[in-house]
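Here are the chains, one letter per residue:
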Amino acid sequence: MKILNNITAASLVAAVSVGAAQADDLRMVVDKQNWMEGIQAMVDGAGEATGQTIQADLVTPTDQYQAFIQTSIAGGNTPDFFSWWNGGQLTDLAETGAAADLSAQWDAAIEAGDFSSAQRDLVSVDGLPYAFLMNQASWVTFYNMEAFAQAGITETPTTWAEFMDACEKLKAAGYTPINAPGTEWMPFIWFSQLVAGVDPEAFVGINDGSVAYNGEAVQEAFAMWVEMYERGYFSDPREKDDQKFFVDGSAAMYLTGDWHTGSFVASGMEPGTSLATFLTPPVNADAGLSVIIEAAPILVSAASLEANPAIGDAVLAMMTADASNTLGEIAGVYNGNLQANTPNAIIEANMAEIDARQPRGLVRWWEAVPPQIQGDLVSAMGAFMLNPTAEQAEETMTLMDQISADYWANN
């Protein structure tokens, strides 16, 4: 029951402060603020298909959402449906017994050609699937095409030297090269990319305890992170609106999941005219090209499914191509349904580039790291972003290694 270890007073407040659903409604609780209209449309369709009314509720920010779900599980009041994360976080939650086994729904979806066994594995623990996919995303570098043109960059970078040269040209043209927010969970973004770009095996190793957070690969990644800050390549990490500098045109690139496309478009950017993407090159060429993969699962309360088997029909409805298309058209995200439309040209182009270049796929750090130390590690990374010096980098790496070593010594 590891997930129940850190319930706080703030989580109790969150638990009683949300919920517009009526008593006889089913509830889906999520932390995906920019997707709410699409999520509600998706669950409305599932409700029509099954005769169930489903209300989508929002809890933010992420730490309060996690606390809300923890409190709900501890109180025996788990939402009927709720968003979570895969990897270690899903493993811990599955151990509570609160999440339903969705093997029957996955078997049907795979037989229908909607999803693959590999996608089922993304949300499985010990061979059993405990969620269905709301999003399957690749982490890529978005760029402002107009800024690239102004800076004289005619080709997207395919090597690290070309990437750094692009940063220098963008800075000379008056742009902040990279939008890099550092609030909430976001400090891990560039840490992850740099470590993976130095040595993807080390990236995997820091998450399973076999590689130290102050080891050679992490040292090299932090040295590059310091250098990029010294060169003035990153935006102010204190900005709470994570996309502000990118959509207002002052920052030219943004490393993020391609699920972000919808909110960029809603803010006035136009794919193919002002907005495009490329796969971020590795820092070390011999590391090979990799891409960080993120899955956003939806879990189902085991108690709710047992009491109301029709919830299983709602799950099946939300795994169809029609549901995927509804979510994609409104929210601009893609849940991986193999028979659905890609929701926009950006995601379609990313899928084509990944298919052509065959990068190594890496589970995102947020999902791969043990959830018990996730928050402390993110805080340490955030401290570096607020004071991005070589001295702070050493202090941050030492602290992160202590946090990780202490955890693995006891688990």
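On a predicted model such as this, the values are computed, not experimentally measured, just so you know. (Residues numbered from 1 in each chain as written. Predicted model: local features only at pLDDT ≥ 70, side-chain atom pairs only at ≥ 80, totals over all residues. Heavy atoms only, no water.)

Caption draft 1: View of the overall build of the chain. In terms of helices and strands, the chain carries 20 helices and 11 strands. Rg of the C-alpha trace for the chain: 21 Å, near the compact-globule value of 22 Å for 411 residues, within the 12% margin. Taking the principal axes of its C-alpha atoms as reference, the chain extends roughly 60 × 50 × 35 Å. Classification of the 411 residues of the chain by burial places 57% in the buried group. Here the contacts in the chain between residues at least 6 apart in sequence split such that 75% fall between residues at least 24 apart. (Helix = DSSP H or I, 4+ residues; strand = E, 2+ residues; numbered from the N terminus. Rg over C-alpha atoms; globule rule 2.2 N^0.38 Å. Buried < 20%, exposed > 50% of the residue type's maximum accessible area, 1.4 Å probe, protein only. Contact = heavy atoms within 4.5 Å.)

Caption draft 2: Main features of the packing of helix α2 (residues 36-50) against helix α16 (residues 321-331). Here α2 crosses α16 at 155°, and the two axes come no closer than 8 Å. Considering the angle they form, α2 stands roughly antiparallel to α16. As α2 packs across α16, the resulting crossing turns out to be right-handed. The residues of α16 that touch α2, namely those facing Glu 37, Gly 38, Ile 39, Ala 41 and Met 42, are Ala 323, Thr 326, Leu 327, Ile 330 and Ala 331. Tallied by class, the residues present in the contact of α2 with α16 amount to seven nonpolar, two polar and one charged. (Axes fitted to C-alpha atoms, helices over the stretch in contact; angles between N-to-C directions. Parallel < 35°, antiparallel > 145°, perpendicular 65-115°, else oblique. Left-handed = near helix turned anticlockwise from the far one by under 90°. Nonpolar A, V, L, I, M, F, W, Y, C, P; charged D, E, K, R; others polar.)

Caption draft 3: Spatial organisation of the nonpolar core. If you look at the biggest cluster of nonpolar residues, it comprises 130 residues, and the most contacted ones within it are Phe 81, Trp 190, Phe 191, Met 228 and Trp 365. A per-element tally of this core places helix α11 (residues 216-230) first, with nine residues. In contact with Met 228, not counting residues within four places along its chain, are Trp 160, Phe 163, Met 164, Ile 178, Trp 190, Leu 194, Tyr 233 and Phe 234. (Core = buried A, V, L, I, M, F, W, Y, C linked by side-chain atoms within 4.5 Å.)

Caption draft 4: Fine view of the pattern of salt bridges. Throughout the structure, instances matching the rule amount to 12 salt bridges. A salt bridge links Arg 364 to Glu 294, with the shortest nitrogen-to-oxygen separation between them at 3.3 Å. With Arg 364 in the loop between β11 (360-363) and α18 (365-368) and Glu 294 in strand β10 (residues 290-300), the pair connects residues that are 70 residues apart, well separated along the chain. The burial state of Arg 364 is the same as that of Glu 294; both residues are buried. Connected through shared salt-bridge partners, Glu 168, Glu 227 and Arg 231 make up one network. (Salt bridge = Lys/Arg side-chain N within 4 Å of Asp/Glu carboxyl O.)

Caption draft 5: Structural view of the environment of Gly 87. Note on placement: Gly 87 falls in the loop between β3 (81-83) and α4 (88-95). When its relative accessible area of 29% is taken as the criterion, Gly 87 is described as partly exposed. Measuring from C-alpha to C-alpha, the distance between Gly 87 and Ala 251 comes to 32 Å, with 164 residues separating the pair along the chain.

Caption draft 6: Quick look at the packing of aromatic side chains. Tallying each qualifying case throughout the model produces 28 aromatic pairs. For the pair Tyr 143 and Phe 278, a centre-to-centre distance of 5.7 Å together with 45° between the ring planes defines the contact as tilted. Here Tyr 143, found in strand β6 (residues 132-144), pairs with Phe 278, found in strand β9 (residues 275-278); they are 135 residues apart in sequence, far enough to count as distant. Overall, the relative accessible area of 12% leaves Tyr 143 in the buried class. The ring of Trp 185 is capped by Arg 364, whose NZ or CZ atom sits 5.8 Å from the centre of that ring. (Phe/Tyr/Trp six-rings, centres within 6.5 Å; stacked < 30°, edge-to-face > 60°. Lys NZ or Arg CZ within 6 Å of the ring centre and 35° of its normal.)

Caption draft 7: Structural context of the side chain of Thr 96. With respect to the helices and strands, Thr 96 occurs in the loop between α4 and α5 (103-111). There is a polar contact of 3.1 Å between the side chain of Thr 96 and the backbone nitrogen of Ala 98. (Polar contact = N/O pair within 3.5 Å; in protein donor to acceptor, adjacent residues only side chain to side chain.)

Caption draft 8: Expanded view of the confidence of the model for the chain. When pLDDT is averaged along the chain, the result is 93, and 94% of the positions lie at 70 or above. Below pLDDT 50 for its whole length, residues 1-23 participates in 39 contacts with residues either more than four positions away or in separate chains. (pLDDT = per-residue confidence, 0-100.)

Caption draft 9: Summary view of helix α9 (residues 188-198). Counting buried residues along α9, 11 of its 11 residues qualify, which places the element largely inside the surrounding structure. When α9 is considered as a whole, its buried residues turn out to be Phe 188, Ile 189, Trp 190, Phe 191, Ser 192, Gln 193, Leu 194, Val 195, Ala 196, Gly 197 and Val 198.

Caption draft 10: A look at the pairing of strand β1 (residues 26-30). Buried residues dominate β1, accounting for five of its five residues. Both faces of β1 are covered, namely the face carrying Leu 26, Met 28 and Val 30 and the face carrying Arg 27 and Val 29. In this fold, the crossover linking β1 to strand β2 (residues 54-58) by way of α2 has right-handed handedness. Both β1 and β3 contribute to a ladder of two bridges, which runs parallel. Pairing of Val 29 across the sheet is with Phe 82, part of β3. (Right-handed = clockwise from strand over helix to strand, strands pointing away. Pairing = 2+ DSSP bridges.)

Caption draft 11: Expanded view of α2. The terminal C-alpha atoms of α2, which comprises 15 residues, lie 21 Å apart, in line with the 21 Å expected from a rise of 1.5 Å per residue. Listed as buried for α2 are Met 36, Gly 38, Ile 39, Gln 40, Met 42, Val 43, Ala 46, Gly 47 and Thr 50. Backbone geometry just after α2 places Gly 51 at a positive phi near 75°. (Expected span 1.5 Å × (residues − 1).)

Caption draft 12: Structural detail: the packing of helix α8 (residues 160-172) against α11. For the pair α8 and α11, the least separation of the axes is 12 Å and the interaxial angle reads 20°. Judged by the angle between their axes, α8 and α11 are roughly parallel. Handedness of the crossing formed by α8 with α11: right-handed. On α11, the residues touching Trp 160, Phe 163 and Met 164 of α8 are Met 224, Glu 227 and Met 228.

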